[in-house]
Amino acid sequence: DSRMDGDAVDLDANGLTFLGLETEADEDTGRGAVIVHGIGVHPNWQQIVYPLRTGLPQQGWSTLSIQMPVLPNEATDADYGPLMDEVAPRLDAAIAYLHEQGAERVAIVAHSLGATMANAYLATHPQAVAAFVAVGLSSGGEHAGRDNAELIGRVQVPTLDLFGQNDLDAVVSGAAARAEAASANASYSQVQAPDANHFFDGKDEALVEIVADWLNEAVPASD
């Protein structure tokens, strides 16, 4: 009862139950977004995740923020490589749930390691969703054993590659490589948010505005 906005739901990934936090859109527009957190946190994390999962419903997007596989706090992104096989069943379950709730079109909005997980998923599930927003996607070498520049070149859906001006070096320095790799996707766009860091500290409103504006253009509301 003291939790916060939204409702907790149990989701099933090949027999494994995991948590989702569902927040319905203020106005039903037939659209939903799966929110995917970064390394070692949770689906109600106050940075990035909470602003998106509660802000996008005000812009016509129901959200489902889901718990991804996590390791102890001292784990590095490289340690997450073996857990990547657990990603697809969770995203499949989340997308299916939103469709069951009436969302005709679903997007994935993911941050940091979560963006790497979603990027790898969409590279092999080209028709799974209508759009992809990657926030703080690292591409300075391998991330959790994955080459994000190569993977984003295989993503076919409209994609927003969003990062901060003061983001991590592996995110900023790899921006050109990501853009080049995604050049075949006419619906790929890259945005650098002024003065924002990897966690958009103090920039929650700007984060939600950028993501919502892009999503609403890429995936218009149902008539």
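Reading guide: rules and limits
Each residue is numbered by its place in its chain's sequence as written, counting from 1. At least 70 in pLDDT is required for a residue's local features to be given in this predicted model, at least 80 for side-chain atom pairs to be given and counted, and no such filter applies to totals for whole chains, interfaces and linings, which use all residues. No hydrogens and no water enter the side-chain calculation; it runs on all heavy atoms of the structure. Salt-bridge detection follows one rule: a side-chain nitrogen of Lys or Arg within 4 Å of a carboxyl oxygen of Asp or Glu. Buried, partly exposed and exposed residues are distinguished by accessible area as a fraction of the type maximum, computed with a 1.4 Å probe on protein chains only: under 20%, between the cut-offs, and over 50%, respectively. Only runs of H or I of at least four residues qualify as helices and only runs of E of at least two qualify as strands under DSSP, and these elements are numbered from the N terminus. Exposure above 30% relative accessible area and the absence of a salt bridge qualify a residue for a patch, where like charges join within 9 Å and nonpolar side chains (Val, Leu, Ile, Met, Phe, Trp, Tyr) within 5 Å. Only the protein chains shown count as cover for residues, and the accessible areas themselves come from Shrake-Rupley with a 1.4 Å probe. His residues and chain termini do not enter the charge count, which takes Lys and Arg as positive and Asp and Glu as negative. Here the site of a charge means NZ on Lys, CZ on Arg, CG on Asp, or CD on Glu. Any two strands are treated as partners once DSSP identifies two or more bridges connecting them. Axes here mean lines fitted to C-alpha atoms, for a helix over just the part in contact, with angles spanning 0 to 180 degrees between N-to-C directions. Contacts are assigned to residue pairs that have any heavy atoms within 4.5 Å of one another.

Caption draft 1: Geometry of the pattern of salt bridges. In total, this model carries three salt bridges according to the counting rule given. Its salt-bridge partner being Arg154, residue Glu150 comes within 2.9 Å of it at the nearest N-O pair. Judged by relative accessible area, Glu150 falls into the partly exposed class, the value being 39%. Among the salt bridges present, the one from Arg178 reaches Asp161, with a minimum N-O distance of 2.7 Å. Taken together, the residues Arg178 in helix α6 (residues 175–181) and Asp161 in strand β7 (residues 159–166) connect sequence positions 17 residues apart. Comparing Arg178 with Asp161 shows no difference in burial state: the two are buried.

Caption draft 2: Spotlight on a negative patch on the surface. On the surface, a cluster of negative charge is made up of Asp7, Glu24, Asp26, Glu27, Asp28 and Glu104. If you trace the backbone, Asp7 turns up in strand β1 (residues 7–13). For Asp7, a relative accessible area of 48% corresponds to the partly exposed category.

Caption draft 3: Here's a closer look at the sheet that holds β7. Taken together, eight strands build an open sheet; the order of strands is β1-β2-β4-β3-β5-β6-β7-β8 and the sheet is mixed. The sheet is open, and its two edges are formed by β1 and β8 (188–197), each paired on a single side. Averaged over all neighbouring strand pairs, the angle between strand axes comes to 25°, with direction disregarded. Of the pairings in the sheet, the one linking strand β2 (residues 16–23) to strand β4 (residues 62–66) comprises four bridges and is antiparallel in character. Across the sheet, the residue bridging to Leu21 is Ser65, located in β4. The strands touched by helix α3 (residues 113–124) are β3 (31–36), β5 (105–111) and β6 (131–135); relative to β5, the strand with the most contacts, the crossing angle is about 135°. Its contacts with the sheet put helix α7 (residues 204–218) on β3, β5, β6, β7 and β8, and the angle it makes with β6 is roughly 160°.

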